[in-house]
Each structure stands twice: as structure tokens, then as C-alpha cells.
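A structural walkthrough
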Amino acid sequence: MRHWRKAKKLFFVLPGMAGTILFYLFPLCYCFLYAFSGTPGRFTFGGLVNYNSLFHSDSFLLALGNTWLMMAACVGSLAVLSLFLVYILDASKGVLGVLLVFSLPMLLPATLITRCMEGAQLSPRLMLLLIYLWKYMGFHVLLLKMMELTMSPEWIEAAVLDHARKWQVFYKIKCWYLWPYIRFLLIFDGICFFRLFRESYLLYGEYPPDEVYVVSNFFFNNFQNLNYQRLSAAAIAALVPVLILNGLLLKVGRKHEMV
């Protein structure tokens, strides 16, 4: 009977595993191998030639620097502002309803968003930052407020009896409880940053101003030029720091759960 239950569970898991292997792991492994190819169209080992030319490319270094700078600004601003709103807002049903409405911009098409922002006289970085905050702020705060409702009220009552101030309750109890969800949202926000390429493309075209030229633009241009070896090397070079950062977040999360 136990084997039958395990087989049933495996039956439901297999389609997802097959899709992950076929559409994610296999292309990633092929991309890793193709980054060492020296000729287009077929694989001939070329060593680190592609990486050497990549890291001597001013456009790639500009894109990589802008990516990390803008990602830090977007994700950091969203996290700080969201926690501030979680701190000042009550977790009532009316507030949650308003936050649900403010989370709807995340579902809007990129064309509609850019149409609304076309007339704004803002710098390109500030423009994309505001679009990013507008799209994801409501969902961010809504999720954290909903998770806050699952906290045990006895924790807050005990802290109030010990004369803890509001900011102390928030920092030492609520933030500690919400950390697993904050960690998930930080990873989610990093993924959403790369989706900002759609708005950037609609606003500034294939070659945006240098201050908002990120790795997504570099990938797109190399894909159009059929420079797949360079594209593969750039993808791996951009992926490694992301994996390291996610690993650090997971490690910090495990230490937090053990406290």
C-alpha cells in the first residue's frame, strides 16, 4: 500500500520534473558547453576564448555593472518601502482589500504601463525604478500583511506587557517571523527585475541610454546578431553571481530558522 502511495505521488511529480529537465536543465547544460565552443553552428572546443573576449567587451562590462547597480536599487527600494508600509499599516480586512487593488498593476501588460509613463520627464533609471515599484509594491505588502495575520497574538501581547515599543515589536518579533517570506520575496524581486526589460525595450528601443543598458539588452542584441557562443558565455557569467547570491540568502535563512 505504501509503495502504491509513493508511486501515485511520483506520477504527479514526474510531469513537472520532466518539464524542468527538458526546458531548463538541458538548455542550461548545453549553454554551458556551447560557451566553450570556438566555431558557430557546431561544437569545437575553443577554451576560454569567448569568456576572454566577453570580459574585454566594454558593452558587456557596462551592462553587467548597470544590472547589479539597478537591481540593488530596485530590490532594495522595494524591500525597504514594503517593510515601512507593513510597519505603519494595520492588518485589517479593509487594508488588505486596498492592497489587493494596488497589486493589480503586476498583471497589467507592459504596453499599457509604458503608455502611462511616456509623458513623464524623468531620467531613464528613475523611470524604470518607478515602474518597478508601481508594479510590485502592492503584491509585496499584501503578501507580508497576510503572513503577519498568521502570527500568534500572544507574542505581541507578551512584548507589550514587557513595555516593548512598536518599532521593537516590529523589528524583533514581526521581522523575525516574516523573514522566510522576505527571503522568498527578495529572490522573486530579483527575477522580476529582469522582466523590466520589456518596459525598457518599449520605452527606449533596442539600444537604450547607457545608464539603463543591462544584460537583458546585451543578450537580445547578441541573439539578433546570431552570436550564440558569446551569448552563452554571457549567460553563464551573469548566472553565477545570481546563484551565489541565492545560496547566501538560503544559508542565512537556515541559520535564522535554527535560532
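Now for a quick tour of the structure. (Residues numbered from 1 in each chain as written. Predicted model: local features only at pLDDT ≥ 70, side-chain atom pairs only at ≥ 80, totals over all residues. Heavy atoms only, no water.)

**A few points about the layout of surface pockets**
- Roughly 560 Å³ of volume is contained in the largest pocket.
- As for the largest pocket, its lining consists of 19 residues, and the residues nearest its centre are Met-71, Gly-190, Ile-191, Phe-194 and Val-242.
- Secondary structure elements with two or more residues in the lining of the largest pocket: α3 (58–88), α8 (166–195), α10 (215–224) and α11 (228–258).
- A per-element tally of the lining of the largest pocket places α11 first, with eight residues.
- Residue classes in the lining of the largest pocket are distributed as 16 nonpolar, three polar and no charged.
- Lining the second largest pocket are Phe-23, Tyr-24, Leu-25, Pro-27, Leu-28, Cys-31, Ala-235, Ile-236 and Leu-239. (1 Å grid on protein atoms, 1.4 Å probe; cavity = no way out; pocket = protein on both sides within 12 Å on 5 of 7 lines; lining within 4 Å. Points joined across faces, edges and corners; volume = space filled by probe spheres on them. Helix = DSSP H or I, 4+ residues; strand = E, 2+ residues; numbered from the N terminus. Nonpolar A, V, L, I, M, F, W, Y, C, P; charged D, E, K, R; others polar.)

**Here we look at the nonpolar core**
- Ranked by internal contacts, the top residues of the largest apolar core, which has 42 residues, are Tyr-132 and Phe-193.
- Secondary-structure elements contributing two or more residues to this core are α3, α4 (93–102), α5 (110–117), α6 (124–148) and α8.
- With 13 residues, α6 is the largest single contributor of residues to this core.
- Excluding its chain neighbours within four sequence positions, the residues that come into contact with Phe-193 are Thr-67, Met-70, Met-71, Cys-74, Tyr-132 and Val-214.
- Residues Cys-31, Phe-36, Leu-64 and Ile-236 belong to the second largest nonpolar core, which totals 15 residues. (Core = buried A, V, L, I, M, F, W, Y, C linked by side-chain atoms within 4.5 Å. Buried < 20%, exposed > 50% of the residue type's maximum accessible area, 1.4 Å probe, protein only. Contact = heavy atoms within 4.5 Å.)

**Quick notes on empty space enclosed by the protein**
- For the coordinates displayed, the defined rule picks out two cavities of 30 Å³ or more.
- Taken as a whole, the largest cavity holds about 70 Å³ of empty space.
- Considering the residues around the largest cavity, the lining is formed by Met-70, Leu-128, Phe-193, Phe-194, Leu-196, Phe-197, Ser-200, Val-212, Val-214 and Ser-216.
- If you list the elements that add at least two residues to the lining of the largest cavity, you get α8 and α9 (197–204).

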